[in-house]
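A structural walkthrough
Okay, here's what each chain looks like letter by letter:
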Amino acid sequence: MRRQVLSILVENTSGVLSRVAGLFSRRGYNIDSLTAGVTADPRFTRMTIVTNGDDLMLEQISNQLSKLEDVRDIKFLEPNNSVTRELILVKIRAKDTQRQAILSVTEIYRGRIVDVTEDSMVVELTGHQEKLDAFMNLLQGYEILELARTGITGLTRGSSDVTYLD
């Protein structure tokens, strides 16, 4: 079993997310994360799906996705030929005496403090999943009040495989 990131270009139609997720559900495939957003052309949405499977299972997923009417393009994002990122927002209980230490760790990871209140701080951090996990490990001594992760999104490198749609 290996982890695979899929970049799927779909028509921006009502129910397309449900149809794609339903395909995974009906076949018993798991979705580790799913992000979706409109592209530069508002007629299309790009979905980034992270899943696990052997080569045969991943090929079957691709074949089944390509049969969906709304799917226009499917790419397997390989680590050496793509750029992937994830965003986290983490709310940390922060007393006056803890704020500087939290700020220092955040700066090391090139994160940003996006909110400060009397008793908490919200940190925004973008990067590879491993970087975000390492950051979270350094926060183990603090009380995490809330955490939101977007899941992975990504694109292939270069322009040689760009799909142009009419």
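For the structure given in this document, a descriptive report is provided here.

The rules behind the values
- Residues numbered from 1 in each chain as written.
- Predicted model: local features only at pLDDT ≥ 70, side-chain atom pairs only at ≥ 80, totals over all residues.
- Heavy atoms only, no water.
- Helix = DSSP H or I, 4+ residues; strand = E, 2+ residues; numbered from the N terminus.
- Buried < 20%, exposed > 50% of the residue type's maximum accessible area, 1.4 Å probe, protein only.
- Polar contact = N/O pair within 3.5 Å; in protein donor to acceptor, adjacent residues only side chain to side chain.
- Contact = heavy atoms within 4.5 Å.
- Core = buried A, V, L, I, M, F, W, Y, C linked by side-chain atoms within 4.5 Å.
- Expected span 1.5 Å × (residues − 1).

Moving on, we come to the side chain of Ser7. Considering the arrangement of structural elements, one finds Ser7 in strand 1 (residues 2-11). For Ser7, a relative accessible area of 1% gives the class buried. A polar contact of 3.0 Å, which involves the side chain of Ser7, links it to the side chain of Arg46. If sequence neighbours within four positions are ignored, Ser7 has contacts with Arg46, Met47, Asp73, Ile74, Lys75, Leu77 and Gly154.

A separate point is the nonpolar core. Grouped together as the largest cluster of nonpolar side chains are 15 residues, with contacts concentrated most on Ile8, Val20, Phe24, Ile61 and Leu65. Put simply, the parts of the chain that give this core at least two residues each are strand 1, helix 1 (16-27), strand 3 (44-53) and helix 2 (55-66). Beyond its immediate stretch of four places on either side in the chain, Phe24 contacts Leu6, Tyr29, Asn30, Ile31, Ile49, Thr51, Ile61 and Leu65. The next biggest cluster of nonpolar side chains, apart from the first, holds 14 residues, and it includes Val90, Ile92, Val123 and Leu139.

One can expect most non-glycine residues to show negative phi and most peptide bonds to be in trans. Even without a glycine there, the phi angle at Arg110 is positive, about 55°. Among the secondary structure elements, Arg110 is positioned in the loop between helix 3 (99-108) and strand 6 (112-116). Overall, Arg110 belongs to the exposed group, its relative accessible area being 75%.

Taking 1.5 Å per residue as the helical rise, helix 1 with its 12 residues ought to reach 16 Å, and the 17 Å between its terminal C-alpha atoms agrees with that figure. Those residues of helix 1 lying buried are Val16, Val20, Gly22, Leu23 and Phe24. Where helix 1 is buried, its residues meet strand 1, strand 3 and helix 2. Just beyond helix 1, the residue with positive phi is Gly28, at close to 80°.

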